[in-house]
Amino acid sequence: MSVPWPQATSSTRVRAVETTATHMFVGGMFTSFRDINGVSKNVTNLAVFNLDGTWANFTPTIGNGEVWDLEVYGSGVLVAGNFSVSTANKNLVAVSDSG
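Nothing here was measured: the structure is a model prediction, and the numbers come from that model.

A word on the nonpolar core
Of all hydrophobic cores here, the largest spans 14 residues; its most connected members are Phe25, Leu46, Ile62, Leu70 and Val79. Where this core is concerned, the elements lending two or more residues are strand 6 (46–50), strand 7 (67–73), strand 8 (76–85) and strand 9 (88–96). Broken down by element, this core gets its largest block of residues, 3 residues, from strand 8.

Overview of the sheet that holds strand 3 (residues 23–29)
Sheet strands line up and pair through hydrogen bonds in the backbone, either parallel or antiparallel. Here we have 3 strands laid out as an open sheet, ordered 2-3-6, and antiparallel in their pairing. Both edges of this open sheet fall to strand 2 (13–19) and strand 6, since each of them pairs with a single strand only. Strand after strand, the sheet turns through a mean of 20 degrees between neighbouring axes, direction not considered. Where strand 3 lies against strand 6, 5 bridges are found, and the strand directions are antiparallel. Paired with Met24 across the two strands is Phe49, which belongs to strand 6.

Observations regarding the pattern of salt bridges
Per the counting criterion, the structure on display carries 2 salt bridges. Glu66 is the partner of Arg13 in a salt bridge, and the nearest nitrogen-oxygen pair spans 2.8 Å. In this pair, Arg13 is assigned in strand 2 and Glu66 in the loop between strand 6 and strand 7, connecting sequence segments 53 residues apart. Between Arg15 and Glu66 there is a salt bridge, and its shortest N-O distance comes to 2.5 Å. A residue pair is termed long-range when its members are at least 10 positions apart, and Arg15 in strand 2 and Glu66 in the loop between strand 6 and strand 7 qualify at 51 residues. Since its relative accessible area comes to 12%, Glu66 is described here as buried.

Rules used in this analysis
Residues numbered from 1 in each chain as written. Predicted model: local features only at pLDDT ≥ 70, side-chain atom pairs only at ≥ 80, totals over all residues. Heavy atoms only, no water. Core = buried A, V, L, I, M, F, W, Y, C linked by side-chain atoms within 4.5 Å. Buried < 20%, exposed > 50% of the residue type's maximum accessible area, 1.4 Å probe, protein only. Helix = DSSP H or I, 4+ residues; strand = E, 2+ residues; numbered from the N terminus. Pairing = 2+ DSSP bridges. Axes fitted to C-alpha atoms, helices over the stretch in contact; angles between N-to-C directions. Salt bridge = Lys/Arg side-chain N within 4 Å of Asp/Glu carboxyl O.

In C-alpha cells form, the structure reads like this:
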C-alpha cells in the first residue's frame, strides 16, 4: 500500500529528514515541494511540514546552498550545509521548531 507523503516538485536531492515533536524537516537541494494535499510551495533546500504532511505555518530562510544534514537539537533543528545567511557564509545554522 502506498502512503501519500510530501514530494519534491523540482530536480531534487534530499539528503536529510528529521522530525521534532511537531514538525518534519526535509533538507537537500531543491527549489519546490508539494505537501500531502498537493499544495506546491517554492522553498529553497529546506522544507518544513506538520507531522500530518501538510505545510507548517513557517518557512525558514537559510539562503542558497545545499543542506547536507539535519539534527534535532533542543526545541529546534541544526542545519548543516554550505549556504549564505544575510551577508555571511555559514555551514551550520539553528532553526527553531516554531520558525
